[in-house]
Amino acid sequence: LRITILDANAAIVDSFDLVATNVFLTALGVLPDFTKAYVTLSDSTNMPVKCIDLNTQAYVSDLDAGISNYGSGKDILCLGTDIILVPYYKSNSVIVRKYDSAGTVLGTATLDAYVGGSDILDVRLCPDLTEATFIAWVKGLTNGHDYFLTINVASMTVTSATPQLDEYEDTNFIATAYAT
């Protein structure tokens, strides 16, 4: 696993290798001050969120040991210097946990009521410009629906949710959702 740190002008600041066998990088988040990076190395269930000290270029204590029966999403969102958001999912359940950089759970958003009982394929996270809220994009596996949820960072509550959206599936546009 090779880590390359770029500055605001895309110039390489540092680059180093973290040796690991059978590494499958699932998600990566870096604190804005470039002191720590958080990674998941598999989307299997019960996998830890690992922490890398970017100054010493070594793994340090895990952020979280993993959640029983949940896999991690493909994003880790770092806000400010001390908020880390990690999505987890299993069959028809989605949660997003908010941590501080020491690994303390500061809050959890449970999204099950908003995703229509879908089998979940993936969860992605995106901040808004103020970092007061973030968007969770939940992709359904069997029904082809997408769900976009706006979540307040402070309270970890859903502030808005789109109705389910059909999407392109296997390169075919599902027009019936847009014909009405």
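Keep in mind it's a predicted model, so treat the numbers as computed, not measured.

Calculation criteria
Residues numbered from 1 in each chain as written. Predicted model: local features only at pLDDT ≥ 70, side-chain atom pairs only at ≥ 80, totals over all residues. Heavy atoms only, no water. Helix = DSSP H or I, 4+ residues; strand = E, 2+ residues; numbered from the N terminus. Buried < 20%, exposed > 50% of the residue type's maximum accessible area, 1.4 Å probe, protein only. Contact = heavy atoms within 4.5 Å. Areas by Shrake-Rupley, 256 points an atom, 1.4 Å probe, with all protein chains shown as cover. Lys, Arg positive; Asp, Glu negative; His and termini not counted. Salt bridge = Lys/Arg side-chain N within 4 Å of Asp/Glu carboxyl O. Polar contact = N/O pair within 3.5 Å; in protein donor to acceptor, adjacent residues only side chain to side chain. Pairing = 2+ DSSP bridges. Axes fitted to C-alpha atoms, helices over the stretch in contact; angles between N-to-C directions. Patch = residues over 30% accessible without salt bridge, like charges linked within 9 Å, V, L, I, M, F, W, Y side chains within 5 Å. Core = buried A, V, L, I, M, F, W, Y, C linked by side-chain atoms within 4.5 Å.

Before going further, it helps to examine the overall build of the chain. When its secondary structure is counted, the chain shows zero helices and 16 strands. Expressed as a percentage of its 180 residues, the buried residues of the chain come to 39%. Considering only contacts within the chain whose residues lie at least 6 apart along the sequence, 34% involve residues at least 24 apart. In the structure as shown, the chain presents an accessible area of about 9200 Å², 54% of it carried by carbon and sulfur atoms.

Let's shift gears to the side chain of Asp146. Following the sequence through the fold, Asp146 ends up in strand 14 (residues 145-152). Buried and unpaired, Asp146 has no salt bridge, with Lys139 as the nearest side chain of opposite charge at 5.7 Å. Here Trp137 takes part through its side chain, which lies 3.5 Å from a polar atom of the side chain of Asp146.

What follows covers the sheet that holds strand 4 (residues 36-40). Spatially, 3-4-5-6 is the arrangement adopted by the four strands of the open sheet, whose pairing is antiparallel. The strands lining the two open edges of the sheet, one partner per strand, are strand 3 (27-30) and strand 6 (58-64). The average undirected angle you get between the axes of adjacent strands in this sheet is 25°. Where strand 5 (residues 49-53) meets strand 6, four bridges bridge the pair, whose relative direction is antiparallel. Its bridge partner being in strand 6, Ile52 is matched across the sheet by Tyr59.

Glancing now at a nonpolar patch on the surface. On the surface, a cluster of nonpolar side chains totalling about 320 Å² of accessible area is made up of Leu25, Leu28, Val30 and Phe34. What makes Leu28 partly exposed here is its relative accessible area of 42%.

Take the pattern of salt bridges next. For the coordinates displayed, the defined rule picks out three salt bridges. Salt-bridge contacts for Arg124 lead to Asp122; the nearest nitrogen and oxygen are separated by 2.7 Å. Given a relative accessible area of 32%, Arg124 falls into the partly exposed group.

Let's shift gears to the nonpolar core. Counting 20 residues, the largest nonpolar core has Leu85, Val96, Leu111, Phe134 and Val138 as its most contacted members. Put simply, the parts of the chain that give this core at least two residues each are strand 8 (77-79), strand 9 (83-90), strand 10 (93-99), strand 12 (120-127), strand 13 (133-140) and strand 14. In this structure, Leu31, Cys51, Ile84 and Val86 belong to the second largest nonpolar core, which totals 15 residues.

Let us now look at the pairing of strand 1 (residues 2-6). Within a regular strand, side chains alternate between the sheet's two faces. Side-chain alternation along strand 1 places Ile3 and Ile5 on a buried face and Arg2, Thr4 and Leu6 on a face that remains uncovered. Where strand 1 and strand 2 (residues 12-17) come together, five bridges link them in antiparallel fashion. Bridging across to strand 2, Ile5 finds its partner in Asp14. In this antiparallel pair of consecutive strands, strand 1 and strand 2, the connection spans five residues, and Ala10 shows a positive phi of 70°.

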